[in-house]
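Here is how the chains run, residue by residue.
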Amino acid sequence: MKIRVATERDIFQITQLFYDTVCKINRKDYTEEQIVVWSEHSKNDKNWLNNIKTQFFVVAENDSEIIGFASLDDNACVDFMYVHENHQGIGVATKLLISLESEAYRRGSVEIWSDVSITAKAFFIKKGFSITKVYTKKVRHVDFENTIMIKPLV
Ligand SMILES: CC(C)(COP(=O)(O)OP(=O)(O)OC[C@H]1O[C@@H](n2cnc3c(N)ncnc32)[C@H](O)[C@@H]1OP(=O)(O)O)[C@@H](O)C(=O)NCCC(=O)NCCS
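All of the points below concern the structure found in this document.

About the thresholds
- Residues numbered from 1 in each chain as written.
- Predicted model: local features only at pLDDT ≥ 70, side-chain atom pairs only at ≥ 80, totals over all residues.
- Heavy atoms only, no water.
- Pairing = 2+ DSSP bridges.
- Helix = DSSP H or I, 4+ residues; strand = E, 2+ residues; numbered from the N terminus.
- Contact = heavy atoms within 4.5 Å.
- Patch = residues over 30% accessible without salt bridge, like charges linked within 9 Å, V, L, I, M, F, W, Y side chains within 5 Å.
- Areas by Shrake-Rupley, 256 points an atom, 1.4 Å probe, with all protein chains shown as cover.
- Salt bridge = Lys/Arg side-chain N within 4 Å of Asp/Glu carboxyl O.
- Buried < 20%, exposed > 50% of the residue type's maximum accessible area, 1.4 Å probe, protein only.
- Near = heavy atom within 4 Å.
- Polar contact = N/O pair within 3.5 Å; in protein donor to acceptor, adjacent residues only side chain to side chain.
- Nonpolar A, V, L, I, M, F, W, Y, C, P; charged D, E, K, R; others polar.

### Digging into the pairing of strand 6 (residues 130-139)
Phase 1 of the analysis: Where strand 6 meets strand 7 (residues 142-152), nine bridges bridge the pair, whose relative direction is antiparallel. Residue pairing across strands places Lys133 opposite Ile148, the latter belonging to strand 7.
Phase 2 of the analysis: The antiparallel hairpin formed by strand 6 and strand 7 contains two residues in its connecting segment, where Arg140 sits at a positive phi of about 45°.

In structure tokens, the structure reads:
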């Protein structure tokens, strides 16, 4: 498995992986209504292209298949962290997170944080993050329980 910086050419695989992961993996922790609202983000190509261009956006690749992706926004925020439904639990997110943490540290950040889903909470706890706030986020009239988690880098 190789970690590399994403390019605009990866957009199809990234958006497809996002859609499938939300519908198959996050589905276990969320209602049908929440999944519909969440998975619809996959359709906003303009937004994805902007994120790939402006964030530190990396993909995990096996041969030429993208099996996970993650991004660092604003030098210290883990914005995306998604692993392919068929490659869960084999260390893909661990590798992606190491890449984001190294970049955040290189940019001078002393901590890294994320706005975490119910599904990903256990992963981030395992990786040394602690909970600072649990709150309800409204996306198009639908409530999501999210958790702000933080980890010191030094
Ligand atoms: C959360 C997610 C990114 C984890 O990816 P992953 O590649 O399966 O994670 P890893 O294999 O690197 O796991 C690292 C450790 O976290 C633990 N872990 C990961 N997910 C876990 C879970 N749901 N429950 C308990 N432990 C979990 C693993 O057991 C592993 O522990 P170990 O080091 O002792 O073996 C993945 O499940 C995912 O894509 N979830 C859906 C998308 C999502 O919610 N993203 C976050 C949006 S904020």
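### Side note on the side chain of Asp10
Phase 1 of the analysis: Here Asp10 lies in the loop between strand 1 (2-5) and helix 1 (11-24).
Phase 2 of the analysis: Every residue in contact with Asp10, bar those within four places of it in the chain, is listed here: Arg4 and Ile66.

### A short note on a nonpolar patch on the surface
Phase 1 of the analysis: Together, Tyr105, Val110 and Val154 make up a nonpolar patch on the protein surface, roughly 340 Å² of accessible area in all.
Phase 2 of the analysis: Relative to the helices and strands, Val154 is located in the segment after strand 7.
Phase 3 of the analysis: Overall, the relative accessible area of 69% leaves Val154 in the exposed class.

### Quick look at the site of the ligand
Phase 1 of the analysis: Lining the immediate environment of the ligand, one finds 22 residues, of which Met81, Gln88, Gly89, Thr94 and Lys126 sit closest.
Phase 2 of the analysis: Taking Val83, its main chain carries an N or O atom lying 2.9 Å from an oxygen atom of the ligand.
Phase 3 of the analysis: A distance of 2.8 Å separates an oxygen atom of the ligand from a polar atom in the backbone of Gly91.
Phase 4 of the analysis: Contributions of two or more residues to the shell around the ligand are made by strand 4 (77-83), helix 4 (92-106), strand 5 (111-116) and helix 5 (121-126).
Phase 5 of the analysis: Here the shell around the ligand is built from residues that sort into eleven nonpolar, eight polar and three charged.

### Some thoughts on the pairing of strand 2 (residues 56-62)
Two faces make up the sheet, and in a regular strand the side chains alternate between them.
Phase 1 of the analysis: Among the seven residues that make up strand 2, six are buried, leaving the element largely enclosed by the rest of the structure.
Phase 2 of the analysis: Of the pairings in the sheet, the one linking strand 1 to strand 2 comprises four bridges and is antiparallel in character. Residue pairing in the sheet places Ile3 in a bridge with Ala60 of strand 2.
Phase 3 of the analysis: Bridging between strand 2 and strand 3 (residues 65-73) involves seven bridges; their strand directions are antiparallel. Of the residues in strand 3, the one forming a bridge with Ala60 is Gly68.
Phase 4 of the analysis: Between strand 2 and strand 3, which pair antiparallel and follow one another directly, the connecting turn spans two residues, one of which, Asp63, has a positive phi of 55°.

### Quick word on unusual backbone geometry
Phase 1 of the analysis: Its identity is not glycine, yet Asp74 carries a phi of approximately 55°, on the positive side.
Phase 2 of the analysis: Structurally, Asp74 can be placed in the loop between strand 3 and strand 4.
Phase 3 of the analysis: Classification of Asp74 by relative accessible area gives exposed; the value is 70%.

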